[in-house]
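A structural walkthrough
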Amino acid sequence: MYYCKPGFDKLLSFLLLTTILLGISCGRKQQLVSIDPEISKYISSFTSGVISKTASIKIQLASNASTTHPLGETNQKLFDFSPSVKGKTIWIDARTIEFKPDKPLKPGTLYTIRFLLNKVMDVPDKFHEFVFNAEILRPSFVVKEGGLRSNDDNSTMFLPGTIETSDFEDLKDIEKILTASHGKDNLKIVWQHQDDSKIHHFTVEGINRTGINDSLTLKWNGTPLESKNSGTKLIMVPAKNNFTVLDVRAINDDGQYISVLFSDPININKELNGLITVSNQEQVVYSINGSEVKVYLSDHPEGDYTVNINTGIENRNGKTLEQGFVSNISFESQKPSVEIVGKGNILPHEGRLTLPFTAINLNAVDISIIKIYENNIPQFLQTNDMGGNSNLRQVAVPIVQQTIRLDDDKSLNLHKRQRFSLDLDKYLNAEPGAIYNVTIGFRPSYSLYDCGNSGIENTDETNEEDWEESEEYYDTGGNSPDDYDDFWNRYDDYYPFGYNWKFRDNPCHKSYYNKDRFASRNIFASNIGIIAHRGANNQLTVIVTDILTAKPVVGAEVKVLDYQQQVAGSTKADEFGIATLETSRKPYLIVVSTVYEKGYLKIDDGSNLPLSRFDIAGEEVKNGIKGFIFGERGVWRPGDSLYISFIEQDLGAKLPEDHPIEFELHNPMGQLYKKLVQQNTSGGFNVFKTATDAGATTGNWRAKIKVGGATFEKNIRIETVMPNRLKIDLNFGTDTIL
């Protein structure tokens, strides 16, 4: 680590020499600091590697801080940055301290961070300061245009595309990157941004087709992002009434297909069979979307293909393609990848536990299984949902680390996606109530991707020394709060030092092989299904069923925990698998237990199912009392008698049998007109008899009934009703009928 401090006497005669030496020292490459392995006794984790410029710096202590401090922002100066950074220090909990910079960190900078550990706990003198590094992603971006598309009028076109950035950027700066011009006209660019996304969609609109073929100029300049990336692309704009093929592309994203772009929208009523053919493909499937035709092949394409586009294809105006078109395209080899099949975290078992996964262009995968102890599940779910993986080290231990060969069966073509099955019973004896985090990853040496003679390299922009420094940086020498320090350092190494965003999608570069590419799933072996509904009166209804048979789980023990992991209520499921209980505190987690199995359901405010998709209209139960108001008809005239009935239901028997019921009738101005009080009848059916004056105001009156602290209301329509009259003009004429 280098500091720019003058080490000479402050004599004027040496000032020039000091300045020169300082310039040389500051110009040297900043090195990664060496971490003393014994520091893991006091710090369990910290932010490191390559991070976003918007990221915060976190330190997690191995034990609670010995000093007393309130949670939230503190005035303690615990962090010191080189280069300097201003920000806020925040205590997240008794072990976690976070530094939030006031401004985004400087891209491409390697920061040296000093944490004053002695201010939060008693440590030996050599650990008073904990010094570590964090590197900020360098700004970069990629512009992808999706090809010209025709509007329905055939006279204008538009150009869709995307910009993908290496880091989160200001949306206004993103929009300054790109410009488009057609002739002398600067074209309008419409943007679509998504929150917390690095992919930004754009559409160049208003591209007018003229009488001749001309060009659209697309320019990008990364100066607003402090990036040196810039470029220009010319795109041919066809002349008006020139029905032709613009481009043929091999698309590898979102399912592999061939995209054929025409200058005009295609007639969807005419078959394309035989008009677009692909070499070595007897049958293809077409999809028409405006001026684009998508051609899907029968198998996962790979390698070179010839696409023939024949005359006879019609646009929407009935004009046919006058000249055929031939294009040679190439589908690149599928990049090494692995995916876990299916969704969800609960794995019902009847016999053996298996986890299906698929892989392509890999001859082996690395399997790691982490066990989250059953008694640590409530703590785990405080900061995670069932599929989360945050702070695993505090609640879990690795139990399996193994490499599985995929090339044992020589008949499999591993260059195509193949399905495999991971026999979990072979690696673990599933403990009831425990959750297992299964990660399937791969290394550069497992790749079957064709990188030519060079193989997988770092390229000149990322030296091998960077990777070696990264390995030394995480070498802890075995001193840690547990026996798995080496594993956790690898597991938490999201982007290693030397990671280069430009090569993130290049399987021939080491930057491709990171946790972004791995497949991970939390597995919970259980046949217990849980549904819960919480009412407004703290009543919780839990339904417990067997996932395999859909039968109720009779006698299951249902326990409700609050956020502090204390029992807030417990009961057992009845013969229908239903358990009803009232909780004295806000529930957070439901734990259902049988003799052999356990089940969990997180019921915090953020875990409930979205209600916007369903019709949930109904009456709210007020103070445990239900009520319904109705009249003998729907409309009354001024002066009519009113017979307003009220049905009461008090399932909780909270009110005495002969409790009073208060009836109020309000006119359309909201003024009280009549008030009646009578005792509740034994059956709960009550009738209030009243009437309005003959000159009463017409409009919507309001009936209010108050009972046991609950109020029920209904509109009463008082209207001047004119009876329906039928006037008949009966005329038999002058002719004699009989």
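Note that the coordinates shown come from a computational prediction; the quantities given were computed from them, not determined experimentally.

Regarding the overall build of the chain
- Along its length, the chain carries 5 helices and 47 strands.
- Buried residues in the chain amount to 42% of all 738 residues.
- Within the structure as shown, the chain displays about 41300 Å² of accessible surface, and the carbon and sulfur contribution to it stands at 47%.

Here we look at the sheet that holds strand β33 (residues 528–534)
- Strand order in this open sheet of 3 strands is β33-β34-β37, and the pairing throughout is antiparallel. Looking at the sheet topology across the chains shown, the edges are occupied by β33 and β37 (578–582). Neighbour-to-neighbour, the strand axes of this sheet turn through a mean angle of 20°, independent of strand direction.
- As defined by bridge partners, β33 adjoins strand β34 (residues 539–546) across 7 bridges and the pair is classed as antiparallel. Its bridge partner lying in β34, Ala532 is registered against Val542.

Points about the sheet that holds strand β18 (residues 230–237)
- With respect to topology, 4 strands assemble into an open sheet ordered β14-β13-β17-β18, the strand pairing being antiparallel. Edge positions in the open sheet fall to β14 (185–186) and β18, since each of these has one partner strand only.
- Pairing analysis gives 5 bridges linking strand β13 (residues 178–182) to strand β17 (residues 214–221), with the strands arranged antiparallel. Its bridge partner being in β17, Leu178 is matched across the sheet by Trp220.

Things to note about unusual backbone geometry
- The amide bond that connects Ser82 to the next residue, Pro83, takes the cis arrangement and shows omega of -5°.
- Relative to the helices and strands, Pro83 is located in the loop between β5 (79–82) and β6 (87–91).
- Here Asn154, not a glycine, exhibits a phi torsion of approximately 65°, which is positive.
- By the secondary structure assignment, Asn154 is in the loop between β11 (149–150) and β12 (156–165).
- Classification of Asn154 as buried rests on a relative accessible area of 12%.
- Despite not being glycine, Gln565 has its phi angle at roughly 70°, a positive value.
- Within the secondary structure layout, Gln565 lies in the loop between β35 (557–561) and β36 (567–572).
- Residue Gln565 is classed as partly exposed on the basis of its relative accessible area, which comes to 32%.

Details of the environment of Ile528
- Among the secondary structure elements, Ile528 is positioned in strand β33.
- Put simply, Ile528 and Val544 are 16 residues apart on the chain and 6.8 Å apart in space, counted from C-alpha to C-alpha.
- Apart from residues lying up to four places away in sequence, Ile528 is in contact with Val544, Thr545, Ile547, Val592, Thr594, Glu597, Lys598 and Gly599.

Notes on the environment of Lys119
- With respect to the element layout, Lys119 can be found in the loop between β8 (110–116) and β9 (129–136).
- Placed 53 residues apart in sequence, Lys119 and Ser66 show a C-alpha to C-alpha distance of 9.0 Å.
- Here Lys119 is in contact with Thr67, Gln76, Lys77 and Leu78, once residues within four sequence places are set aside.
- From its side chain, Lys119 meets the backbone oxygen of Lys77 in a polar contact 3.4 Å long.

Observations regarding the environment of Leu412
- Of note, Leu412 is situated in the loop between β29 (396–405) and β30 (418–423).
- If we skip the residues at most four places from it in the chain, Leu412 touches Leu406, Gln418 and Phe420.

Things to note about the confidence of the model for the chain
- Overall, the prediction assigns the chain a mean pLDDT of 83, with 87% of residues at 70 or greater.
- Here residues 1–29 scores under 50 on pLDDT; set against residues more than four positions off or in separate chains, the count is 17 contacts.
- Predicted confidence for residues 459–478 stays below pLDDT 50, and this span has 45 contacts to residues more than four positions away or in other chains.

Things to note about the packing of aromatic side chains
- Evaluation of the coordinates by the stated rule reveals 23 aromatic pairs.
- Ring centres of Trp191 and Phe202 lie 5.7 Å apart, and the angle between their planes is 55°; this geometry places the pair in the tilted category. Placement of Trp191 in strand β15 (residues 188–192) and of Phe202 in strand β16 (residues 199–208) is noted, with a sequence separation of 11 residues between them. Of the two residues, Trp191 and Phe202, both sit in the buried class.
- For the ring pair Tyr305 and Phe331, a centre distance of 5.9 Å and an interplane angle of 80° mean the geometry is edge-to-face. In this pair, Tyr305 is assigned in strand β24 (residues 303–309) and Phe331 in strand β25 (residues 325–331), connecting sequence segments 26 residues apart. Summarising the burial analysis for this pair, Tyr305 and Phe331 share the class buried.
- In this structure an aromatic cluster arises from ring pairing among Phe79, Phe81, Phe99, Tyr111 and Phe115.
- Sitting over the face of the ring of Phe168, Lys198 holds its NZ or CZ atom 5.1 Å from the ring centroid.

Some points on a nonpolar patch on the surface
- A cluster of nonpolar side chains, namely Ile531, Ile543, Phe576 and Ile578, defines an oily patch on the protein surface of about 360 Å² accessible area.
- With respect to the helices, strands and loops of the structure, Ile578 is situated in strand β37.
- When its relative accessible area of 32% is taken as the criterion, Ile578 is described as partly exposed.

Things to note about the pattern of salt bridges
- Under the defined criterion, the tally for this structure stands at 29 salt bridges.
- Note that Lys233 is salt-bridged to Glu145, the shortest N-O span being 2.7 Å. Note that Lys233 is positioned in strand β18 and Glu145 in strand β10 (residues 141–145), a separation of 88 residues in sequence.
- By relative accessible area, Lys233 is classed as partly exposed at 35%.
- A relative accessible area of 12% means that Glu145 is categorised as buried.
- A salt bridge links Asp505 to Arg504, with the nearest nitrogen and oxygen atoms 3.6 Å apart.
- Accessibility expressed as a relative area gives 30% for Asp505, which makes it partly exposed.

Some thoughts on the side chain of Ser526
- With respect to the secondary-structure elements, Ser526 resides in the loop between β32 (519–523) and β33.
- A relative accessible area of 0% means that Ser526 is categorised as buried.
- One polar contact links the side chain of Ser526 to the main-chain amide nitrogen of Ile528, over a distance of 3.1 Å.

So, how was this worked out
Residues numbered from 1 in each chain as written. Predicted model: local features only at pLDDT ≥ 70, side-chain atom pairs only at ≥ 80, totals over all residues. Heavy atoms only, no water. Helix = DSSP H or I, 4+ residues; strand = E, 2+ residues; numbered from the N terminus. Buried < 20%, exposed > 50% of the residue type's maximum accessible area, 1.4 Å probe, protein only. Areas by Shrake-Rupley, 256 points an atom, 1.4 Å probe, with all protein chains shown as cover. Pairing = 2+ DSSP bridges. Axes fitted to C-alpha atoms, helices over the stretch in contact; angles between N-to-C directions. Contact = heavy atoms within 4.5 Å. Polar contact = N/O pair within 3.5 Å; in protein donor to acceptor, adjacent residues only side chain to side chain. pLDDT = per-residue confidence, 0-100. Phe/Tyr/Trp six-rings, centres within 6.5 Å; stacked < 30°, edge-to-face > 60°. Lys NZ or Arg CZ within 6 Å of the ring centre and 35° of its normal. Patch = residues over 30% accessible without salt bridge, like charges linked within 9 Å, V, L, I, M, F, W, Y side chains within 5 Å. Salt bridge = Lys/Arg side-chain N within 4 Å of Asp/Glu carboxyl O.

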